Amino acid sequence: MSPSPEEAAAALRAINSVQARAAGFQDYRAESRQLMLWGVVNLLGCVFTALFPSFLLLIWLAVVIVGLVAGVRLARIAEEVMPGIVWRYLLVVGSVLLFALLLHVVMWPLTPRQGSMIVPLFVATLYVIRGAQSRPRYVIIGAGLALLCFCCFLFATSHYWWWLALAWGGTFILSSLWLRRT
Amino acid sequence: MQTPDDLIHQPVRLKIMAALNTLASNQWLEFVSLRAIVDTTDGNLGAHLGTLEGADYVRIKKDFVGKKPRTRVCLSVKGREAFAHYVATLHAILAPQNIDT
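Please read all numbers here as calculations on a predicted model, not as lab measurements.

**Considering the interface of chain B and chain A**
Step number 1: Contact with chain B, which involves 26 residues of that partner, is made by 22 residues of chain A.
Step number 2: Across the chain B to chain A interface the summed buried area is about 1,900 Å²; carbon plus sulfur atoms make up 72%.
Step number 3: Between the two partners, chain B and chain A, sit 0 salt bridges.
Step number 4: Elements with a contribution of two residues or more to the side of chain B that touches chain A: α2 (11–21), α3 (31–38) and α5 (77–100) of chain B.
Step number 5: Among the elements that make up the side of chain B that touches chain A, the one with the highest residue count is α5(B) (8 residues).
Step number 6: Along the lines of polarity and charge, the residues of the side of chain B that touches chain A split into 15 nonpolar, 9 polar and 2 charged.

**Here's the deal with the layout of surface pockets**
Residue and element names in this part refer to chain A.
Step number 1: Taken as a whole, the largest pocket spans an internal volume of roughly 1,500 Å³.
Step number 2: Surrounding the largest pocket, 46 residues form its lining, Val 93, Val 96, Leu 97, Val 119 and Val 123 being those nearest its centre.
Step number 3: Counting only elements with at least two residues in the lining of the largest pocket, the list comes to α1 (5–51), α2 (56–78), α3 (85–107), α4 (112–133) and α6 (160–180).
Step number 4: The greatest single-element share of the lining of the largest pocket, amounting to 11 residues, is contributed by α3.
Step number 5: Taken together, the residues of the lining of the largest pocket sort by class into 34 nonpolar, 7 polar and 5 charged.

**Comments concerning the side chain of Ser116(A)**
All names here are of chain A.
Step number 1: Relative to the assigned elements, Ser 116 resides in helix α4.
Step number 2: Here Tyr 160 takes part through its side chain, which lies 2.6 Å from a polar atom of the side chain of Ser 116.
Step number 3: Apart from the residues within four sequence positions on either side, Ser 116 is in contact with Tyr 160, Trp 161, Leu 164 and Trp 168.

**Overview of the side chain of Ser76(B)**
Residues and elements named next belong to chain B.
Step number 1: Looking at the element boundaries, Ser 76 is found in the loop between β3 (68–75) and α5.
Step number 2: Side-chain polar atoms of Ser 76 contact the backbone oxygen of Asp 56, separated by 2.5 Å.
Step number 3: Not counting residues within four places of it along the chain, the set of residues in contact with Ser 76 comprises Asp 56, Tyr 57, Val 58 and Arg 59.

**Re the packing of aromatic side chains**
Residues and elements named next belong to chain A.
Step number 1: Within this structure, the stated rule accounts for 8 aromatic pairs over all chains.
Step number 2: A ring pair is formed by Tyr 127 and Phe 172, whose centres lie 6.4 Å apart and whose planes are at 75°; its orientation type is edge-to-face. One end of the pair, Tyr 127, is in helix α4; the other, Phe 172, is in helix α6, with 45 residues separating them in the sequence.
Step number 3: On the basis of relative accessible area, Tyr 127 is assigned to the buried category, the value being 8%.

**Details of the pairing of strand β2 (residues 58–65) of chain B**
Residues and elements named next belong to chain B.
Step number 1: The pairing of β2 with β3 spans 8 bridges and is classified as antiparallel. In the sheet register, Lys 62 faces β3, and the bridge partner there is Thr 71.
Step number 2: Linking β2 back to β3 in an antiparallel pair, the connection comprises 2 residues, with Gly 66 at a positive phi of about 70°.

**Let's talk about the confidence of the model for chain B**
Residue and element names in this part refer to chain B.
Step number 1: Of the residues in chain B, 92% have a pLDDT of 70 or more, and the chain-wide mean is 89.
Step number 2: Mean pLDDT across the secondary structure elements of chain B bottoms out at α5, with 85, and peaks at helix α4 (residues 42–54), with 96.
Step number 3: For this predicted complex, the interface confidence comes out at an ipTM of 0.86, alongside a pTM of 0.78.

Cut-off values and rules
Residues numbered from 1 in each chain as written. Chains lettered and ligands numbered in written order. Predicted model: local features only at pLDDT ≥ 70, side-chain atom pairs only at ≥ 80, totals over all residues. Heavy atoms only, no water. Contact = heavy atoms within 4.5 Å. Buried area = accessible area lost by both parts, 1.4 Å probe. Salt bridge = Lys/Arg side-chain N within 4 Å of Asp/Glu carboxyl O. Helix = DSSP H or I, 4+ residues; strand = E, 2+ residues; numbered from the N terminus. Nonpolar A, V, L, I, M, F, W, Y, C, P; charged D, E, K, R; others polar. 1 Å grid on protein atoms, 1.4 Å probe; cavity = no way out; pocket = protein on both sides within 12 Å on 5 of 7 lines; lining within 4 Å. Points joined across faces, edges and corners; volume = space filled by probe spheres on them. Polar contact = N/O pair within 3.5 Å; in protein donor to acceptor, adjacent residues only side chain to side chain. Phe/Tyr/Trp six-rings, centres within 6.5 Å; stacked < 30°, edge-to-face > 60°. Buried < 20%, exposed > 50% of the residue type's maximum accessible area, 1.4 Å probe, protein only. Pairing = 2+ DSSP bridges. pLDDT = per-residue confidence, 0-100.

Below you can see the structure in the form of structure tokens.
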């Protein structure tokens, strides 16, 4: 027996709903891998900065290069499902790095403590914007990251880089695990 | 009179087919991931997958990752065609309404 037009419309709505859910699931999975990578990378960057503060620039240069190379490799895994993801990924990471660089130039001189806030706060804002447009979990991740890093900036008088390692790297790692629990 | 494929028209199987159809051909989705997307129980999903596999609409692969068993599911060519035909049938059912409005 042929379904009524109402039933047909309901079936098409169900298909759209599942497809949106499946797309979100794949998006969260791909993002989860990146969050884990950059969580570990940022955590290590902060820890090494805490241990060897005079090598700050070298440490972050090395950390960013390692993160970028590994990130591109991870993005390639998702290329099959999301064509063009590698170029979009490079564009996003490149924009974040360029933003951090330009802000350092504009605001110079910055203390390392001030400079350390640029990337996490910018990335947190991007996550909130992305979440508002598509997937709500990103709003929580962005808001959490901004809040914890800013609290760290305001209140961590001693062992600043260790606290930032937890606030920045730790938030990314926990967020990664959360996104996997879809 | 347009009649959609009864095998796909069942709500859980419809969700399974719609979810698998978002993947590229020959791309596999893990059972646990599919369960999360379809939002059903292991037993229910397994039963409906069995029905779809019987019709050659899906392929199921079981293997091990280390010592952990893993089940993966993929839409077959026949399944992909059947789903496309099913969606086209639904649109055809709605078409006269669209003309009226």
